[in-house]
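In case you want the letters, here they are:
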Protein chains: 2
Amino acid sequence: MAEVKARSGRGGGRAARVKARTNPPPVYLSTLNRKVGPIDLLGPEGVEKIHNAAMTILEATGIEFRDPVALADWKKYGADVQGERVRIGREMLMDLISAVPPEWGYAARNPERSLRVGNQHSVFANAYGAPFVYGLDGVRRPSMLEDAHNFFKLSQMSQSMMVPGILPVEPQDVPVPQRHLELVHAALTLTDKPIKGSVLSEQAALDSVEMTRIVFGEEFVDNNVVMAALLNCNTPLVWDETMLQSLRVYAAANQPCLLSPFVLAGASTPASPQGGVALLIAESLAGMAYSQIIRRGAPMVLGVAIMGVSMKTGAPMMGSPEPGLMNLLVGQMARFYGVPWRTCTMWTGSKSPDMQAAFDTANTMWPVLLGGANYIVHSAGFLEGALGVSYSKWVQDALQLENFHRFFSGLQEENLDALLGDIENIGPGGHFLGTDHTRENPMHMNHLQNNDSFEQWEAEGSKTAEVVGTEEAQRMLNTYVRPPMPDDQRGALDEFVAKKRLEYSA
Amino acid sequence: MAEVKARSGRGGGRAARVKARTNPPPVYLSTLNRKVGPIDLLGPEGVEKIHNAAMTILEATGIEFRDPVALADWKKYGADVQGERVRIGREMLMDLISAVPPEWGYAARNPERSLRVGNQHSVFANAYGAPFVYGLDGVRRPSMLEDAHNFFKLSQMSQSMMVPGILPVEPQDVPVPQRHLELVHAALTLTDKPIKGSVLSEQAALDSVEMTRIVFGEEFVDNNVVMAALLNCNTPLVWDETMLQSLRVYAAANQPCLLSPFVLAGASTPASPQGGVALLIAESLAGMAYSQIIRRGAPMVLGVAIMGVSMKTGAPMMGSPEPGLMNLLVGQMARFYGVPWRTCTMWTGSKSPDMQAAFDTANTMWPVLLGGANYIVHSAGFLEGALGVSYSKWVQDALQLENFHRFFSGLQEENLDALLGDIENIGPGGHFLGTDHTRENPMHMNHLQNNDSFEQWEAEGSKTAEVVGTEEAQRMLNTYVRPPMPDDQRGALDEFVAKKRLEYSA
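If you're wondering where the values come from, they're calculated on a predicted model, not measured in any experiment.

Quick look at the overall build of chain A
Tallying secondary structure elements over chain A gives 19 helices and 20 strands in all. Here the C-alpha atoms of chain A give a radius of gyration of 24 Å, agreeing with the 23 Å that 2.2 N^0.38 yields for 506 residues. Each of the 506 residues in chain A was classed as buried or not, and the buried ones make up 62%. Within the structure as shown, chain A displays about 17,700 Å² of accessible surface, and the carbon and sulfur contribution to it stands at 51%. Side chains of chain A give 43 positive and 55 negative charges; the mean places of these two sets differ by 2 Å.

Given below as structure tokens:
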């Protein structure tokens, strides 16, 4: 019977098999294990120079921690504290940095969606914080909670968006003190992938940790990464109180922070890739070192957010070459320090999902992956210098992530001798479409990429990629299915949010 | 006096200097000397495996030369010729390939526009052969001679388009036997940059060489590269008569051919990067080896034109990951053989200068430059799977080339100690916009990239990158100035074309 079944499957099912291959069910991409790159721009001497420059900045110029608790902590730990200025010797700094884990698992509430961060592992995370959306009608308007929900839903359905995050857009219709409640609740219930935590305030950070404890259990959270928090340093050389309060909460909870100088290269740093990287490395390392005073061994991430600055208008520029080179340098320095690193990408100053938007998006992603970034933020949807998220572009970007995933996964093992047999059999002037190897190794396809003839494209409505992206976003939202969650977890989570909502509106 | 002048220049001229820096005069980019990459995907054993596979293909399966002269030449040279099938032993093949120069100068009639090809040197060349244009009104129509002229003019004005080429579009309003005359004449008179030669027929190749001799002189052409010809192999394993006739003309004239298998990966080659590259390397090496029988030491280029194939429709796919990986492999093999290599890029199946077009364009260029391609064809304008050239996209693409040129030129030398002084002086919370270093090191800017606020963009007409590109193309054509050419050269060239035009219309 098995024999008959198999035969019947082979005889009658070829069309079905081909269809199954060309319309495969969604395959959720897990952590990208990079096999292409990373590119090292510097020799060992060049690395040493940037390292020495970063150490000199922290020893001679110092860095401001505008937060009394942090200043007291540093003083107690033996750093040179004068006013808000902290000067840290390189031995102390490097000892603290040596405690940062080089790699960690990133748990999702659905274990099949869990990831790894560090070394050759890279993950794609959602956009973060835009106050505007470019809606399903293409019109720009303030972001609402419904938009945040929609982008969580799209993230859940996307094969490539590994981390839905916490703040896919900034919901203007929710009072600020309650925002983190709605967002963490939505991230945990609308998706079953790894999330981020809020850094709006110390309380928001505490609540974020508390809500993950409800879902994952207290002990699990204390021993595993279940969220990551994005903290920005005010470049040059200022860590502020709000960020440091959140840092202490997450470090104490053993949850990683992405400690990210926000760099306008040429404005907040020198207009030199090497000089800019020395500065931002100093800033990020100082934040990471402080986290290790709070809890030695807590996972932390060397972070950067690098854009250029137009020397004409002072506007941020995304997609220009110097920040790309800086990302390569940051990657090499992170490998030198043995810590995971995080960066921004897939963004643009364009106000339309057009050629500029796509060029900037692609041109910011290639250097980031070539630099071996481990935690890649803003991987889909940004327009308008990160002020807006477009539904259309989000969907198109997410499919580009699949493309990048395939490329950077590199070559598969191949039996060249068998292929030589095919070449001998087919000979000059033949084709390989019918070989077993071709049928078993379909090329990667982006199902929104249109390669039809002009005539067919025109007959089907001359749809641009913007139109196609919007239609696909609508189709995905129409077919979204909420991932299951045990009733007791859901109940406890709802109860927590209801209680806190009341508390914060008082 | 000199002292006073210098002071006056420094005192009163700051605004002018800043303006000169932010609105600099055109700087024509010369050869890109790559300092980023190339990426080697394979270890020495992997290279040896692909080399052995390519040699086995040529020894065991053989390759067809569908041309009686070539068959006689190979037989005389000692290869195993049976019918049209030629089998070439690896010793013979590698001896012939060893005579191919690794690098050469590429002379323009304006010496300031001359280039270098090979090793770390890369040049950007124009699109080639599209029968359709997407006009200044955005509407698609057959290409005309005026369009060819226009794209030569844009190439002349572009800072980044180093090689205007020979066939920027296929002019449908010129009878086929006369096309090469009009095109070579236009390339030589409307631009002063390096050109390509026609491969339409043996006569077209002969005329191309003759016309460059009029401009450069007979002896100069015999000793210098003044043009390159693009020859396609019919993959798998067929070189046809028309291509071989042109190859003999150009090899005899000491001018390089880009010997390029036209690859639909998965259809004309195995659906395996390694297997596909083994096959196309075999094809290109066989053509290059034949050229060395015609004239040992003639410069030749290992060429490829790689796209994927949709397993749904059979349509070519541009911008998918496997051809990108194949380009990395071809680059590594070209370095193994010590020969320059050529590939295609910046293309798309899109029928609109939209997000898809830009994604595909960028995603085909990055692997090509990471693979260290030396002669990069189709660097601007293609839509519709290379069937159409868009004015708007051409202009936007050409500015992207400047971006790529800057990125792949890598880091400049930097005095980190001086920058540390700036950081110390500026300290926490300051900015670097006013430092000498920032003013003297402006970031690269794409002048069509819009980074303004949404409100300003909207007030100025909400122009997409497509609209901006078209307007810029029109502006450039309105301000084009023909480069000077000595009267005697121009007269002789006009006379040659007039005589031949008459001859071929008879």
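Focus on the pattern of salt bridges
By the definition in use, this model includes 49 salt bridges over all chains. For A:Asp207, the salt bridge is made with A:Lys500, and the minimal N-O distance between the two is 3.6 Å. Residue A:Asp207 is located in helix 8 (residues 202-216), and its partner A:Lys500 is located in helix 19 (residues 487-505); the two are separated by 293 residues in the primary sequence. Judged on exposure class, the residue A:Asp207 and its partner A:Lys500 are both buried. In this structure, the salt-bridge partner of A:Glu322 is B:Arg406, at a minimum N-O distance of 3.7 Å. Placement of A:Glu322 in helix 12 (residues 321-337) and of B:Arg406 in helix 14 (residues 391-408) is noted, with the two residues assigned to different chains.

Overview of unusual backbone geometry
Residues and elements named next belong to chain A. Here the amide bond leading from glycine 37 into proline 38 is cis, since omega sits at -5°, within 30 degrees of zero. Mapped onto the fold, proline 38 is located in the loop between strand 1 (32-33) and helix 3 (44-61). Of note in the backbone geometry, glutamate 384 takes a positive phi value of approximately 55° without being a glycine. With respect to the helices and strands, glutamate 384 occurs in the loop between strand 19 (382-383) and strand 20 (388-390). In this structure glutamate 384 comes out as buried when scored by relative accessible area, which is 7%.

Here's the deal with the interface of chain A and chain B
Taken together, the contact pairs 114 residues of chain A with 114 residues of chain B. Between chain A and chain B, roughly 9,600 Å² of surface is buried when both sides are summed, and carbon and sulfur atoms account for 70% of that area. Linking chain A to chain B there are four salt bridges. The shortest N-O distance in the salt bridge between A:Arg140 and B:Glu455 comes to 3.9 Å. For the pair chain A and chain B, the interface holds 30 residue pairs in polar contact (both at pLDDT 80 or more). Per-element accounting of the side of chain A that touches chain B gives the leading share, 11 residues, to helix 13 (residues 355-370) of chain A. Broken down by class, the residue content of the side of chain A that touches chain B amounts to 53 nonpolar, 42 polar and 19 charged.

Thoughts on the packing of aromatic side chains
Taken as a whole and assessed by the stated rule, the structure comprises 31 aromatic pairs over all chains. Arranged with centres 5.3 Å apart and planes meeting at 70°, the rings of A:Trp366 and A:Phe404 form a pair that is edge-to-face. Placement of A:Trp366 in helix 13 and of A:Phe404 in helix 14 (residues 391-408) is noted, with a sequence separation of 38 residues between them. Per residue, the accessibility class of A:Trp366 equals that of A:Phe404, and both read buried. Ring geometry for B:Trp366 against B:Phe407: centres 5.1 Å apart, planes inclined by 70°, an arrangement best described as edge-to-face. Taken together, the positions of B:Trp366 in helix 13 (residues 355-370) and B:Phe407 in helix 14 put the pair 41 residues apart, joining distant regions of the chain. Summarising the burial analysis for this pair, B:Trp366 and B:Phe407 share the class buried.

Focus: the sheet that holds strand 19 of chain A
Residues and elements named next belong to chain A. Reading across from one edge, 9-8-20-19 is the order of the four strands in this open sheet, with mixed pairing throughout. Pairing within the sheet leaves two strands with one partner each, and these edge strands are strand 9 (140-142) and strand 19. Here strand 8 (residues 132-134) runs beside strand 20; their pairing, made up of three bridges, is parallel. Counted as the bridge partner of phenylalanine 132 is glycine 388 from strand 20.

A look at the relation of the copies chain A and chain B
When chain A is fitted to chain B, the best match, at an RMSD of 0.0 Å, comes from turning it 180° and sliding it 0.0 Å along the axis. Taken together, the rotation and translation relating the two chain copies correspond to the operation of a two-fold axis. Comparing interface residues between copies, 100% of those in chain A also lie at the interface in chain B; the contact surface is shared.

What to know about helix 8 of chain A
All names here are of chain A. Over its 15 residues, helix 8 runs 21 Å from end to end, which matches the ideal 21 Å to within 8%, given 1.5 Å per residue. Within the span of helix 8, buried status applies to Ala204, Ala205, Asp207, Ser208, Val209, Met211, Thr212, Val215 and Phe216. Of the surrounding elements, those touching the buried residues of helix 8 are helix 7 (176-190), strand 10 (195-197), helix 9 (218-223), strand 11 (227-233), helix 10 (241-252) and helix 19. Of the residues one or two after helix 8, glycine 217 is the one with positive phi, at around 95°.

What about the nonpolar core?
One finds A:Phe65, A:Trp74, A:Tyr375, B:Phe65, B:Trp74 and B:Tyr375 to be the most contacted residues of the largest nonpolar core, which totals 330 residues. Dropping the residues within four chain positions of it, A:Trp74 is found in contact with A:Phe65, A:Ala79, A:Val81, A:Val86, A:Ile88, A:Met92, A:Leu96, A:Ala286, A:Ala289, A:Tyr290 and A:Ile293.

Examining the packing of helix 14 of chain B against helix 18 (residues 465-479) of chain B
All names here are of chain B. Following both chains from N to C, one finds helix 14 and helix 18 inclined at 90°, their axes separated by 7 Å at the closest point. In terms of orientation, helix 14 lies roughly perpendicular with respect to helix 18. Facing helix 14, whose interface residues are Tyr391, Ser392, Val395 and Gln396, helix 18 presents Ala465, Glu466, Val468, Gly469, Thr470, Glu472, Ala473, Met476 and Leu477. The class makeup of the residues in the contact of helix 14 with helix 18 is seven nonpolar, four polar and two charged.

Quick word on the sheet that holds strand 12 (residues 238-240) of chain B
All names here are of chain B. If you walk across this open sheet you meet the four strands as 3-4-2-12, and the pairing is mixed. If you trace the sheet from one side to the other, it starts and ends with strand 3 (80-82) and strand 12, each paired once. Neighbouring strand axes in the sheet, compared pairwise and without regard to direction, differ in orientation by 25° on average. Of the strand pairs in this sheet, strand 3 and strand 4 (residues 85-87) are connected by three bridges, and their pairing is antiparallel. Residue pairing in the sheet places valine 81 in a bridge with valine 86 of strand 4. Helix 3 (residues 44-61) rests against strand 2 (63-66) and strand 4 of the sheet, and its axis sits at about 125° to strand 4.

Let's talk about the environment of A:Gly427
All names here are of chain A. Mapping glycine 427 onto the fold places it in the loop between helix 15 (416-426) and helix 16 (436-440). Judged by its relative accessible area of 6%, glycine 427 is buried. In this structure the C-alpha to C-alpha distance between glycine 427 and isoleucine 214, which are 213 residues apart in sequence, comes to 64 Å.

Details of helix 10 (residues 241-252) of chain B
Residue and element names in this part refer to chain B. The end-to-end C-alpha distance of helix 10, which contains 12 residues, comes to 16 Å, matching closely the 16 Å that a straight helix rising 1.5 Å per residue would cover. Across the 12 residues that make up helix 10, a large majority, nine, are buried. With a side-chain oxygen positioned 3.3 Å from the backbone nitrogen of threonine 242, the residue opening helix 10 is aspartate 240. Positioned one or two residues after helix 10, asparagine 254 has a phi angle of 65°, which is positive.

Quick notes on the packing of helix 15 of chain A against helix 11 (residues 273-294) of chain B
Close contact between helix 15 of chain A and helix 11 of chain B brings their axes to 10 Å; oriented N to C, the two are set at 50°. Looking at the two axes, helix 15 of chain A sits oblique to helix 11 of chain B. Seen along the crossing, helix 15 of chain A lies across helix 11 of chain B with a hand that is right-handed. Across the interface between the two elements, A:Leu416, A:Leu419 and A:Ile423 from helix 15 of chain A touch B:Gln274, B:Gly275 and B:Leu279 from helix 11 of chain B. Residues belonging to the contact of helix 15 of chain A with helix 11 of chain B are distributed by class as follows: four nonpolar, two polar and no charged.

Side note on the side chain of A:Gln178
Following the sequence through the fold, A:Gln178 ends up in helix 7. Aside from chain neighbours lying at most four places away, what touches A:Gln178 is A:Arg501, A:Tyr504 and A:Ser505.

Considerations on the environment of B:Met365
Residue and element names in this part refer to chain B. Mapped onto the elements of the fold, methionine 365 is located in helix 13. Separated by 329 residues in the primary sequence, methionine 365 and valine 36 have C-alpha atoms spaced 14 Å apart. Look past the residues within four positions of methionine 365 in its chain and what remains in contact with it is Phe124, Thr345, Met346, Ile376, Leu401 and Phe404.

Examining the side chain of B:Lys500
Of the residues examined, B:Lys500 reaches a relative accessible area of 11% and is grouped as buried. Setting aside chain neighbours within four positions, we find B:Lys500 in contact with B:Leu181, B:Gln203 and B:Asp207.

Procedures and definitions
Residues numbered from 1 in each chain as written. Chains lettered and ligands numbered in written order. Predicted model: local features only at pLDDT ≥ 70, side-chain atom pairs only at ≥ 80, totals over all residues. Heavy atoms only, no water. Helix = DSSP H or I, 4+ residues; strand = E, 2+ residues; numbered from the N terminus. Rg over C-alpha atoms; globule rule 2.2 N^0.38 Å. Buried < 20%, exposed > 50% of the residue type's maximum accessible area, 1.4 Å probe, protein only. Areas by Shrake-Rupley, 256 points an atom, 1.4 Å probe, with all protein chains shown as cover. Lys, Arg positive; Asp, Glu negative; His and termini not counted. Charge placed at Lys NZ, Arg CZ, Asp CG, Glu CD. Salt bridge = Lys/Arg side-chain N within 4 Å of Asp/Glu carboxyl O. Contact = heavy atoms within 4.5 Å. Buried area = accessible area lost by both parts, 1.4 Å probe. Polar contact = N/O pair within 3.5 Å; in protein donor to acceptor, adjacent residues only side chain to side chain. Nonpolar A, V, L, I, M, F, W, Y, C, P; charged D, E, K, R; others polar. Phe/Tyr/Trp six-rings, centres within 6.5 Å; stacked < 30°, edge-to-face > 60°. Pairing = 2+ DSSP bridges. Least-squares fit on C-alpha atoms with pLDDT ≥ 70 in both. Expected span 1.5 Å × (residues − 1). Core = buried A, V, L, I, M, F, W, Y, C linked by side-chain atoms within 4.5 Å. Axes fitted to C-alpha atoms, helices over the stretch in contact; angles between N-to-C directions. Parallel < 35°, antiparallel > 145°, perpendicular 65-115°, else oblique. Left-handed = near helix turned anticlockwise from the far one by under 90°.

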